[in-house]
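# Commentary on secondary and tertiary structure
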Amino acid sequence: MKNLKLDAQQVQDELTELTQNLRKSQLTLNSLPDIDVASTPSHCIYKRDKLSLLYFESTLPKEDRAPHPIFICYALVNRWYMIDLDPERSLLRSLLARGLDVYVLDWGYPDKADRFLDLDDYINDYLDDCIDQALAHSGSTELDLMGICQGGTFSLCYTALYRQKVRKLITAVTPVNFQTPDNMLQKLSQHTDIDLAVKTYGNIPGSFLNHVYSSLMPMRLGIQKNLNLPKHLTTTESALNYLRMEKWLYDCPDQAGEAFKEFITLFFRENRFVNGGLTIGGTDVNLSEIRHPILNIYGQHDHLVPADSSLALKAVCPHSQYSELLVKAGHIGVFVSRKAHKLVPDTIVKWLAE
Amino acid sequence: MQADFHAQLHAFFEQQQALFTQWLTPSPEAFQTMSNDQMKASAMMASKTAGFLKQSTQLLEQLKAKALDKGLIDSLIRQLSEQTQQHSLDSILKQWQIPHQFQAAIEKTAAQNPNALFSTWRHTLLFTCPEFHAMHEERIKAGCEHLANYQAALHTYIQQSTQITESAVNRLKHALEHNEQPIESLNQLHELWVCCYEDAYAEAIRQDTYQQAYGNITNCYMALVAFQQDMQLSAYEQQGLATHKGLDSTLQQQKALHKEMKAVKKQLEEQRLLNEQLTHSLIELSQQFEQIGGNLLPKTSQATQE
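Below is a summary of the structure that appears in this document. Going along each chain's sequence as written, the residues are numbered from 1 onward. To read the labels, note that chains go from A and ligands from 1, taken in the order they are written. Given that the model is predicted, a residue must reach a pLDDT of at least 70 before its local features are reported, and side-chain atom pairs must reach 80 or more before they are shown or counted; all residues, however, enter totals for whole chains, interfaces and linings.

Turning to the overall build of chain A, a few remarks are in order. Scanning chain A from N- to C-terminus turns up 16 helices and 10 strands. When we talk radius of gyration, it's over C-alpha atoms, and the globule rule is simply 2.2 Å times the number of residues to the 0.38. Radius of gyration (C-alpha) of chain A: 21 Å, near the 20 Å computed for a compact globule of 354 residues. Counting only C-alpha atoms and orienting by the principal axes, one finds that chain A spans roughly 70 × 55 × 40 Å. Taking all contacts inside chain A whose residues are at least 6 apart in sequence as the whole, residues at least 24 apart take part in 80%. Only DSSP runs of H or I reaching four residues or more are called helices, and only runs of E reaching two or more are called strands; each is numbered from the N terminus. Distance between backbone-placed C-beta atoms decides contact: two residues are in contact if it is within 7 Å.

Dropping the structure here:
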């Protein structure tokens, strides 16, 4: 082991630093304000069952705003406020400051009563209803749709089904080909009996999904993350950043059982975007019929939705006016990293204005 | 120099001790000002770093006593490996934590003898749920089978997990021998260990044997929970109590009705559009007829037009 060159002084210095960081962290935690997230002011313009449709008005004067609003459809997994975690690095605020009026669909927290909701309900009913509400509220006849992660998968289905309501489509960290060789989530879950999961739990608990996500990188997201805690908590600013993210990570709603089963079966198991034969609510969903301009944003280091999974979009939408944006970040970093903070909203706004 | 070092070490130990004492006996005011989030973070930080500090302090003492030799390196690697294996086991047991009644049975059954397990588990069930008196033996046997399947799946998964740790250790040893960059700090060593482990894990996760082991433990665990729920359900039904099965059935019916209503609404909307188109066509046709002197428009359509 010729390369291991530890000496007592070095180890002692490190331990002293760790102890000092621990002390600082404790002091920081003692004086930390509440962990605030989703701090951008909004109006709830529509409520139905568990969902809410939030309207965020651009901070620019009306005459300087984009002519069409943007509608953001987040995943059913985790919560929409990942785009508004921290006021300093909020994608939402950046879009508002650049003249976009934004509608965000907050899916809420499904409970036992939602056990039998399926993808037809989510896409043809809830999403379509909310888009109609946004169109009526904004006075537009079409809007720009942005889908994030699973919300991107929904948005692709929606655009194929309701072409006339969507002007331009943005997909962000969106899985399209669910069976790329580096799709660890697919590999880890392929022998799990989904029928049994739904029979056992009804709705799939958020904590169940969190365990699966942690299982993708158990050391880095386990021991290593915990050991690095003191480093993250030494100052108020870094502690707030860290704890906001933790709050979001563990704010994982349960998944409506039927919709979850359908999503796993149609996409993870049968890869219907790529293999074809996708139907939602009895209607064929054919992505090759999408002729809209599409901006596909993906993360180079995304371990949840590998870049290749997102990049498959170009091939399955051959008639769209396709463009893409590579962000050198992971799944969440695409929205919250310093690298992405300017790049992503600038690109979106410029592309929408083209 | 040696005296200085001793003094520093002593100061460091005192500092550490003071810090942990402060954590263990915090002032009530400190907790009053902390929210739940902060308290959770504080507790996690204390528990996770305490073990690391303890081990590192032991290493420091050993390093102080003698230079880094093979024995010390082996001991260091063993510590990392054991710590990781323990963490993996904790995670496994947390993720697939056996339902309470089954756990009680297992705790009372030291050996994995199915007969002993059967009788102990049966006793536990009868003790905790008297309704099971009425249950058929076969059903209890089925429960035992679920439990045995779970134990076998857990055993296989733990074997996989151990193999991953062993592979990570080999990778670490190889890296320490062959990498160009020397490891000069604990942080660097830990980072290298994490990389080796994640590489070994990523390789394992691509193998069907690991995927099957993961799927199997997940399925066996869920089967066990589902079985327990079924037994509870039977017991509730025997008592004439409402169950989630009844609620699910109602929800399913409501859902079916909702879908039917949606389909009817869609049909009505399509009919309305067709009617509109028809009326529009009739009006156009009527106007054309009027131009040539006839009148085709029915009375209702005339009224609509007016």
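Right, let's talk about the overall build of chain B for a bit. Within chain B, the secondary structure is distributed over 11 helices and zero strands. Going from N to C terminus, chain B has its helices and strands arranged as α-α-α-α-α-α-α-α-α-α-α. Pairs at least 24 residues apart make up 61% of the contacts formed inside chain B by residues separated by at least 6 positions.

Glancing now at the environment of Thr171(A). Structurally, the position occupied by Thr171(A) is in strand β6 (residues 166-172). Between the C-alpha atoms of Thr171(A) and Ile72(A), which are 99 residues apart in sequence, the distance is 9.9 Å.

Residue and element names in this part refer to chain A. When DSSP finds at least two bridges between two strands, those strands are taken to pair. Spatially, β1-β2-β4-β3-β5-β6-β9-β10 is the arrangement adopted by the eight strands of the open sheet, whose pairing is mixed. Unpaired on one side and paired on the other, β1 (43-48) and β10 (321-327) mark the two borders of the sheet. Between one strand axis and the next, the sheet turns through 20° on average, direction left out of account. One ladder, built from five bridges, connects strand β5 (residues 143-148) with β6; its direction is parallel. When the sheet's bridge partners are listed, Gly 147 is paired in β6 with Thr 171. The axes are straight lines fitted to the C-alpha atoms, using for helices just the contacting stretch, and the angles between their N-to-C directions are given from 0 to 180°.

Turning our attention to the pairing of β5(A). Residues and elements named next belong to chain A. With C-beta atoms placed from the backbone, a residue counts as buried when 20 or more other C-beta atoms lie within 10 Å of its own, as exposed when 12 or fewer do, and as partly exposed for counts between those limits. By the criterion of burial, β5 is predominantly enclosed, with six of the six residues buried. Across four bridges, the pairing between strand β3 (residues 70-73) and β5 is parallel. The residue of β5 that forms the bridge with Phe 71 is Leu 145. Crossovers are marked right-handed if the path from the first strand over the helix to the second runs clockwise, as seen with the strands pointing away from the viewer. Regarding topology, helix α4 (residues 150-161) serves as the crossover connection from β5 to the parallel β6, and that connection is right-handed.

Let's shift gears to the interface of chain A and chain B. Between chain A and chain B, the residue contacts involve 55 residues of the former and 65 residues of the latter. Within the residue set of the side of chain A that touches chain B, elements represented by two or more residues are α1 (8-31), α5 (184-189), α6 (194-201), α8 (220-227), α9 (229-232) and α10 (236-250) of chain A. A total of 15 residues in the side of chain A that touches chain B trace back to one element, the largest contributor, which is α1(A). Under the scheme applied, nonpolar residues are Ala, Val, Leu, Ile, Met, Phe, Trp, Tyr, Cys and Pro; charged residues are Asp, Glu, Lys and Arg; polar residues are all the others, including Gly. Here the residues of the side of chain A that touches chain B are counted per class, giving 26 nonpolar, 16 polar and 13 charged.

It is worth spelling out unusual backbone geometry at this point. Residues and elements named next belong to chain A. The residue Ala 38 is not glycine, and still its phi comes out positive at about 50°. Inspection of the secondary structure puts Ala 38 in the loop between α1 and β1. Residue Ala 38 is classed as partly exposed on the basis of its C-beta count, with 19 C-beta atoms lying within 10 Å. Despite not being glycine, Asn 78 shows a phi value in the positive range, around 60°. When you line up the elements, Asn 78 lands in the loop between β3 and α2 (91-97). For Asn 78, a count of 22 C-beta atoms within 10 Å translates into the label buried.

The next point concerns the environment of Ala223(B). With respect to the secondary-structure elements, Ala223(B) resides in helix α9 (residues 208-238). Distance from Ala223(B) to Ser81(B), taken between C-alpha atoms, is 32 Å for residues 142 residues apart in sequence. Those residues in contact with Ala223(B) that sit more than four places away from it in its chain are Leu196(A) and His146(B).

This part covers helix α10 (residues 244-291) of chain B. Residues and elements named next belong to chain B. What a helix should span is 1.5 Å times the count of its residues minus one. Helix length check: α10 (48 residues) gives 69 Å between terminal C-alpha atoms against 70 Å at 1.5 Å per residue, within 8%. Among the 48 residues that make up α10, zero are buried, leaving the element largely open to the surroundings. Looking one or two residues beyond α10, the residue adopting positive phi is Gly 293, at roughly 100°.

Residues and elements named next belong to chain A. Where helix α3 (residues 119-138) meets α4, the closest approach of the two axes is 10 Å, and the angle between their N-to-C directions is 80°. Classified by the interaxial angle, the pair formed by α3 and α4 is roughly perpendicular. Across the interface between the two elements, Tyr 122, Ile 123 and Leu 127 of α3 pack against Phe 154, Cys 157 and Tyr 158 of α4. Each residue belonging to the contact of α3 with α4 can be placed in one class, and the counts come to six nonpolar, no polar and no charged. Geometric relationships in this document are graded by angle, where less than 35 degrees denotes roughly parallel, more than 145 denotes roughly antiparallel, 65 to 115 denotes roughly perpendicular, and other angles denote oblique.

As a further point, take the nonpolar core. Only buried residues count toward a nonpolar core: Ala, Val, Leu, Ile, Met, Phe, Trp, Tyr and Cys, linked into one set through C-beta atoms within 7 Å. Counting residues in each nonpolar core, the largest one holds 104 residues, and the members touching the most others are Phe71(A), Ile72(A), Val102(A) and Leu127(A). It is α9(B) that contributes the most residues to this core, 10 residues altogether. The residues touching Phe71(A), leaving out its near neighbours within four places in the chain, are Tyr103(A), Ile131(A), Ala134(A), Leu143(A), Leu145(A) and Met146(A). One finds Ala8(A), Met219(A), Ala41(B) and Ile183(B) within the second-largest nonpolar core, a separate group that totals 35 residues.

Residues and elements named next belong to chain A. For α3, with 20 residues, the first-to-last C-alpha span of 26 Å sits near the 28 Å given by 1.5 Å per residue. Among the residues of α3, Leu 119, Asp 121, Tyr 122, Ile 123, Asn 124, Tyr 126, Leu 127, Cys 130, Ile 131 and Ala 134 are the ones counted as buried. Gly 139 sits one or two positions beyond α3 and adopts a positive phi of about 75°.

Once that is clear, we can look at the packing of α6(A) against helix α11 (residues 257-269) of chain A. Residues and elements named next belong to chain A. The contact between α6 and α11 brings their axes to 10 Å, and the two run at 170°. For the element pair α6 / α11, the angle class is roughly antiparallel. Note on element contacts: α11 touches α6 through Gly 257, Phe 260, Lys 261, Ile 264 and Thr 265, opposite Ile 194, Asp 195, Val 198 and Tyr 201. For the contact of α6 with α11, the residue count by class is five nonpolar, two polar and two charged.

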